[in-house]
Amino acid sequence: YFAKELRKVLGCPVAILNGSRGGTRIEAWMSEGALMPFEGQFDPRKPKTGEEKANWNTASALWNGIVAPIVPYAMRGAIWYQGEANAGNADLYRRTFPAMIADWRKAWGQGDFPFLFVQLAPFMKIVTEPQESAWAELRDAQLHASNIVPNTAIAIITDAGDPEDIHPKRKKPVGDRLALAARVLAYGEDLAYKGPSFKSMTVVGSRVVMD
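Residues numbered from 1 in each chain as written. Predicted model: local features only at pLDDT ≥ 70, side-chain atom pairs only at ≥ 80, totals over all residues. Heavy atoms only, no water.

A.B. asks: Which residues make up the overall build of the protein, and what values go with them?
C.D. replies: Each helix and strand counted, the protein has six helices and five strands in total. Against the globule reference of 17 Å for 211 residues, the protein gives a C-alpha radius of gyration of 18 Å, in line with a compact fold. Projected onto the principal axes, the alpha-carbon positions of the protein cover approximately 65 × 45 × 35 Å. Looking at the protein as a whole, 36% of its 211 residues are labelled buried. Nonlocal contacts in the protein, meaning residues at least 24 apart in sequence, comprise 71% of its contacts between residues at least 6 apart. A gap of 5 Å separates the mean positions of the 25 positive and 23 negative side-chain charges of the protein. (Helix = DSSP H or I, 4+ residues; strand = E, 2+ residues; numbered from the N terminus. Rg over C-alpha atoms; globule rule 2.2 N^0.38 Å. Buried < 20%, exposed > 50% of the residue type's maximum accessible area, 1.4 Å probe, protein only. Contact = heavy atoms within 4.5 Å. Lys, Arg positive; Asp, Glu negative; His and termini not counted. Charge placed at Lys NZ, Arg CZ, Asp CG, Glu CD.)

In structure tokens form, the structure reads like this:
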């Protein structure tokens, strides 16, 4: 959907290098050098049955197997959809995600190329009362990255989740929102590609006025 939308608006084919792998942890996508500042901070992961000989979800495994081989290719930017496997340690993700983006940009040597990513979709039963949520904390870590890392954009898909499916079927809104951000950050169009964000608040009598 991302490529189709860009093809339609740009009027030319858009090549996509697909490096997808489900159920991954962020440390698997980072180089050994990028992980050095975080040594000993990741939870040890017990391999699943059949993974003992080739555990693709260990530190740097997917960097070595998927990312490094395509580094020589020139590109306009990257899109990223991951985070569920790191929910439960959002504080660490808050630091490793910006480090991973910097790691990729350093490897390609093409400056701060656009890095567009998807915030986690809702999953599991929706509750009406406030409660602790590892996924909400991870979403906040993702939002933090979009605020501090230059030339990035976050696609919010709170309306496109499925409480009974960790992999919601509605992918068109995801692709379309990423494409909208790419049109601005990668192709220089002048478009509104993100919604309003909180800046400040003022209490006026019994009301709260937000800017």
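Once you've had a look at it, read on.
A.B. asks: Please provide a residue-by-residue account of the side chain of T24, values included.
C.D. replies: With respect to the element layout, T24 can be found in the loop between α1 (2–10) and α2 (32–35). Its relative accessible area of 6% is what places T24 among the buried residues. Excluding residues within four positions of it along the chain, T24 makes contact with W29, W56, N57, L62, Q82, A85 and N86.

A.B. asks: Explain the sheet that holds strand β3 (residues 152–155) to me, and be specific about the residues and the numbers.
C.D. replies: Spatial ordering of the open sheet is given by β1-β2-β3, a layout of three strands whose pairing is parallel. Sheet topology places β1 (78–80) and β3 at the edges, where each strand pairs with a single neighbour. Taken over all neighbouring pairs, the strand axes of this sheet differ in orientation by 20° on average, direction set aside. The pairing of β1 with strand β2 (residues 115–118) spans three bridges and is classified as parallel. Counterpart to A78 in the pairing with β2 is F115. With respect to the sheet, helix α5 (residues 134–148) is in contact with β2 and β3, its orientation differing from that of β3 by roughly 150°. Those strands touched by helix α6 (residues 172–185) are β1, β2 and β3, and its axis lies near 160° from that of β2. (Pairing = 2+ DSSP bridges. Axes fitted to C-alpha atoms, helices over the stretch in contact; angles between N-to-C directions.)

A.B. asks: Give a description of the layout of surface pockets that names residues and reports values.
C.D. replies: Here the largest pocket defines a volume of roughly 1400 Å³. Lining the largest pocket are 49 residues, with L17, N18, S20, I79 and W80 positioned closest to its centre. Secondary-structure elements contributing two or more residues to the lining of the largest pocket are α1, α3 (61–67), β1, α4 (90–108), β2 and α6. Considered class by class, the residues forming the lining of the largest pocket number 34 nonpolar, eleven polar and four charged. Considered as a void within the structure, the second largest pocket measures approximately 420 Å³ in volume. Lining the second largest pocket we find 17 residues, and of these L143, I154, I156, K194 and G195 sit closest to its centre. For the lining of the second largest pocket, the elements supplying multiple residues, two or more each, are α5, β3 and α6. Looking at the lining of the second largest pocket residue by residue, the classes come out as nine nonpolar, six polar and two charged. (1 Å grid on protein atoms, 1.4 Å probe; cavity = no way out; pocket = protein on both sides within 12 Å on 5 of 7 lines; lining within 4 Å. Points joined across faces, edges and corners; volume = space filled by probe spheres on them. Nonpolar A, V, L, I, M, F, W, Y, C, P; charged D, E, K, R; others polar.)

A.B. asks: Account for α1, with residues named and values stated.
C.D. replies: Restricting attention to buried positions, one finds in α1 the residues F2, E5 and L6. Each buried residue of α1 sits inside an arc of 95° when the element is viewed along its axis, so together they form one side. In α1, the exposed positions angled more than 90 degrees off the buried face are occupied by K4 and K8. Against the buried residues of α1 lie β1, β2 and α6. G11 occupies a position one or two residues after α1 and carries a positive phi of about 75°. (Arc of directions from axis to C-beta.)

A.B. asks: Quick rundown of the packing of aromatic side chains? Include the residues and the values.
C.D. replies: One pass over the structure, following the stated rule, counts twelve aromatic pairs. Summarising the aromatic geometry, the rings of F97 and F117 are spaced 4.9 Å apart at their centres and angled 85° between planes, so their arrangement reads as edge-to-face. Of this pair, F97 sits in helix α4 while F117 sits in strand β2, and the two are 20 residues apart along the sequence. With 6.5 Å between their ring centres and 50° between their planes, F115 and F117 make a pair best called tilted. Judged by relative accessible area, F115 falls into the buried class, the value being 0%. Residue classification places F117 among the buried residues on the basis of a relative accessible area of 0%. Among the aromatic residues, ring-to-ring pairing joins W29, W80, Y93, F97, W104, W108, F113, F115 and F117 into one connected group. Note that R21 overlies the ring of W56, its terminal NZ or CZ placed 4.1 Å from the centroid. Note that R105 overlies the ring of F113, its terminal NZ or CZ placed 5.8 Å from the centroid. (Phe/Tyr/Trp six-rings, centres within 6.5 Å; stacked < 30°, edge-to-face > 60°. Lys NZ or Arg CZ within 6 Å of the ring centre and 35° of its normal.)

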